[in-house]
Amino acid sequence: MPLLQNPFGIHERALTLRDMRSTILAANMANADTPNYKARDIDFRSLMQGTANAQMMQSTDRQHMQTSFGAAGGNLMYRVPTSPSLDGNTVEADTEQTHYADNAMRIQATLTFLNSRIKGIRTALRGE
Amino acid sequence: MSFFDVLGIAGSAMNAQMVRMNTISSNLANTGVAASSAEEAYKAKRPVFRTVYDHASETYRAGVTVDSIGTSGKPNDRRFEPGNPMADEQGYIYVSNVNSIEEMVDMTIASRAYQSNVEAINTAKKLVLNTLKLGQ
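Residues numbered from 1 in each chain as written. Chains lettered and ligands numbered in written order. Predicted model: local features only at pLDDT ≥ 70, side-chain atom pairs only at ≥ 80, totals over all residues. Heavy atoms only, no water.

A few points about the packing of aromatic side chains
All names here are of chain B. Just so we agree on the cut-off: The rule is short: rings of Phe, Tyr and Trp, with Trp giving its six-membered ring, pair when the centres are within 6.5 Å, and they are stacked under 30 degrees, edge-to-face over 60, tilted in between. Classification of residues uses two cut-offs on accessible area relative to the type maximum, computed with a 1.4 Å probe and protein chains only: under 20% is buried, over 50% is exposed, and between them is partly exposed. Two conditions define a charge located above a ring, namely a distance within 6 Å from the ring centre to NZ of Lys or CZ of Arg, and an angle within 35 degrees of the ring normal.
Throughout the structure, instances matching the rule amount to two aromatic pairs over all chains. Between Tyr53 and Tyr60, the aromatic rings sit 6.3 Å apart at their centres with planes inclined by 55°, giving tilted as the arrangement. Since its relative accessible area comes to 40%, Tyr53 is described here as partly exposed. We note Lys45 situated over the ring of Tyr42; from NZ or CZ to the ring centre the distance is 4.4 Å. Arg78 extends its terminal NZ or CZ atom over the ring of Tyr92, reaching a point 3.9 Å from the ring centre.

Following this line, the structure appears as structure tokens:
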């Protein structure tokens, strides 16, 4: 039964990526006044497509290193500022706040999808 | 779960902005302080922020800390006030180089930055709580 083999589908991966992105955007907002700080972000679409197509590396041995696809994996990019400031900082507070709000909204959407999926499975199992 | 990292990052920024606001308060409080020489006169202080990267973390963690508190290099104005007890032999007093308009603007920016970090924490908190309630 495919539904129970992979009950959460792509939402699990999406939530992980969204969660990671919220940290990055929070770090940008935190460093809004730090000289020479460059705003970072990830390309959610390409990460999602990349992870959706490629098989995750399986660790079949205790000594295998855990692959972290995330920020440590070099997926971080630099945001291009619309108006660069003199102190070398490329954070634009409004842009970051908008992205953060957008990201939070999409996390909420993912959580709603997951909730209804769980409810659906529960209903199916009860057979009521 | 890195939602919790948001709390740490935004917290460090709130701390840094609070130091900034305290510095601005000191500057504003010392606006009218007079001294007998340019060296003794009060000079406006400015905190310099620095990013703190947590390289051990699996996600991107970049908090903020106050690197140092610098002093403004602007020359202190002197005023001719022979009656002032702080006046030097020529009758001049040296006043602080604080520009209260600059300080007020800086205060507004600091308070806005503080607020946006509080908002980030509130949003992250809501999402964590909703994630914990998943499937209930």
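Now that the structure has been shown, the text picks up again.
Comments concerning the packing of helix α4 (residues 93-126) of chain A against helix α2 (residues 100-132) of chain B
In plain terms, the rule: Convention adopted: a line fitted to C-alpha atoms gives each axis, helices being fitted over their contacting stretch, and angles between N-to-C directions are expressed from 0 to 180 degrees. To qualify as a helix, a DSSP run of H or I must reach at least 4 residues; to qualify as a strand, a run of E must reach at least 2; elements of each kind are numbered from the N terminus. Here roughly perpendicular refers to angles of 65 to 115 degrees, roughly parallel to angles under 35, roughly antiparallel to angles over 145, and oblique to all remaining angles. Whether two residues are in contact is decided by their heavy atoms, any of which lying within 4.5 Å being enough.
Relative orientation of the contacting elements α4 of chain A and α2 of chain B amounts to 10°, with a least axis distance of 10 Å. In this view, α4 of chain A runs roughly parallel relative to α2 of chain B, as classed from their interaxial angle. Side by side, α4 of chain A and α2 of chain B meet where Gln97, Tyr100, Ala104, Ile107, Gln108 and Leu111 of chain A of the first sit next to Ser116, Ala120, Thr123, Ala124, Leu127, Asn130 and Thr131 of chain B of the second.

A few points about the interface of chain A and chain B
Inclusion rule: For any pair of parts, buried area is found by adding up, for both, the accessible area (1.4 Å probe) each one loses once the two are put together. The salt bridge criterion pairs a side-chain nitrogen of Lys or Arg with a carboxyl oxygen of Asp or Glu, the two atoms within 4 Å. In the analysis that follows, any N or O atom pair within 3.5 Å is treated as a polar contact, provided that within protein one partner can donate a hydrogen and the other can accept it, and provided that, for residues neighboring in sequence, both atoms belong to side chains.
The interface of chain A with chain B comprises 29 residues on the first partner and 34 residues on the second. Both sides of the chain A and chain B interface together cover about 2,500 Å² of buried area, and 61% of this is carbon and sulfur. Of all residues in chain A, the largest losses of buried area upon contact with chain B belong to Thr23, Ala30 and Asp33 of chain A, amounting jointly to 20% of the total for that side. At the junction of chain A and chain B, the tally comes to one salt bridge. Asp33 of chain A is the partner of Arg20 of chain B in a salt bridge, and the nearest nitrogen-oxygen pair spans 3.0 Å. The interface formed by chain A and chain B holds nine residue pairs in polar contact (both at pLDDT 80 or more) in total. Broken down by secondary-structure element, the contributors of at least two residues to the side of chain A that touches chain B are α2 (11-30) and α4 of chain A. Take the side of chain A that touches chain B: its biggest share by element is 10 residues, from α4 of chain A.

As for the environment of Pro82 of chain B
All names here are of chain B. For Pro82, the position within the fold is in the loop between β4 (78-80) and β5 (92-95). Residues Pro82 and Ser96, 14 residues apart in the sequence, show an inter-C-alpha distance of 18 Å. For Pro82, the contacting residues outside a window of four places in its chain are Ala87 and Gly91.

Comments concerning unusual backbone geometry
Even without being glycine, Asn36 of chain A reaches a positive phi, approximately 70°. Its location among the elements puts Asn36 of chain A in the loop between α2 and β1 (40-41).

Structural notes on the pattern of salt bridges
With the rule as written, the count across this model stands at 12 salt bridges over all chains. Asp41 of chain A is the partner of Arg79 of chain A in a salt bridge, and the nearest nitrogen-oxygen pair spans 3.2 Å. A residue pair is termed long-range when its members are at least 10 positions apart, and Arg79 of chain A in the loop between β2 (77-78) and α4 and Asp41 of chain A in strand β1 qualify at 38 residues. Judged by relative accessible area, Asp41 of chain A falls into the buried class, the value being 9%. The residue Arg106 of chain A makes a salt bridge to Asp102 of chain A at a minimum N-O spacing of 3.0 Å. Within this pair, Arg106 of chain A and its partner Asp102 of chain A are both found in helix α4, separated by four residues, close to a single helical turn. The exposure class of Arg106 of chain A is partly exposed, given its relative accessible area of 39%. For Asp102 of chain A, a relative accessible area of 26% translates into the label partly exposed. If you follow the salt bridges from partner to partner, you end up with Asp33 of chain A together with Arg20, Arg46, Glu102, Glu103 and Asp106 of chain B in one network.

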